[in-house]
Structure formats: structure tokens, C-alpha cells
Amino acid sequence: MKLRDLGINCAGASSATTKRLLLLISLRKGLEIDLDPEAAASVETLGELAGLLQSALRSNA
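The shown structure was predicted, so the numbers you read here are calculated from the model rather than taken from an experiment.

As for the overall build of the chain
In step 1: In terms of helices and strands, the chain carries three helices and zero strands.
In step 2: Expressed as a percentage of its 61 residues, the buried residues of the chain come to 18%.
In step 3: Look at the contacts in the chain between residues 6 or more apart in sequence, and 21% of them connect residues 24 or more apart.
In step 4: If you sum the accessible surface of the chain, you get close to 4800 Å²; carbon and sulfur atoms cover 58% of it.

Here we look at helix α1 (residues 15-31)
One turn of the α-helix equals 3.6 residues, which is why residues spaced by three or four share an orientation.
In step 1: Between its first and last C-alpha, α1 extends 24 Å over 17 residues, near the 24 Å set by a 1.5 Å rise per residue.
In step 2: Downstream of α1 by a residue or two, E32 has a phi angle that is positive, lying close to 55 degrees.

Quick look at the nonpolar core
In step 1: With nine residues, the main nonpolar core is built from L24, I33, L35, A40, V43, L49, L52, L53 and A56.
In step 2: In terms of residue count, the dominant contributor to this core is helix α3 (residues 46-60) (four residues).
In step 3: Beyond its immediate stretch of four places on either side in the chain, L52 contacts L35, A39, A40 and V43.

Analysis parameters
Residues numbered from 1 in each chain as written. Predicted model: local features only at pLDDT ≥ 70, side-chain atom pairs only at ≥ 80, totals over all residues. Heavy atoms only, no water. Helix = DSSP H or I, 4+ residues; strand = E, 2+ residues; numbered from the N terminus. Buried < 20%, exposed > 50% of the residue type's maximum accessible area, 1.4 Å probe, protein only. Contact = heavy atoms within 4.5 Å. Areas by Shrake-Rupley, 256 points an atom, 1.4 Å probe, with all protein chains shown as cover. Expected span 1.5 Å × (residues − 1). Core = buried A, V, L, I, M, F, W, Y, C linked by side-chain atoms within 4.5 Å.

Okay, here's the thing in C-alpha cells:
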């Protein structure tokens, strides 16, 4: 791991991990939904993310 890959404010978390978390937080707040933390942590692809969001939106309806 290179120094540039470390997030400045996240105690050594990689930049990619930090960005992933910020995306999930933004989506949760913007869509006003709750996301299962374990399911959100297991998301690997955009398709999986879309499915997770779709399920959360359906449960809020």
C-alpha cells in the first residue's frame, strides 16, 4: 500500500474504502433510506449496490 492510498481522516483506511463509505452515506441520506450495515459492507459491484438500494426503497414504500 502506498501513502497516497491512505485516507487522511480515517485512521489508515484506504482512499477507496473512504470513498465507498461516503457514497453509501450520501445515498442513504439523499434517498432517506436505511441500509443494513452487513449488506452494505458486502456490496462489490454496482449491480449489487443497485439491488441493495432497490430493496431499501421498496421497504420504505
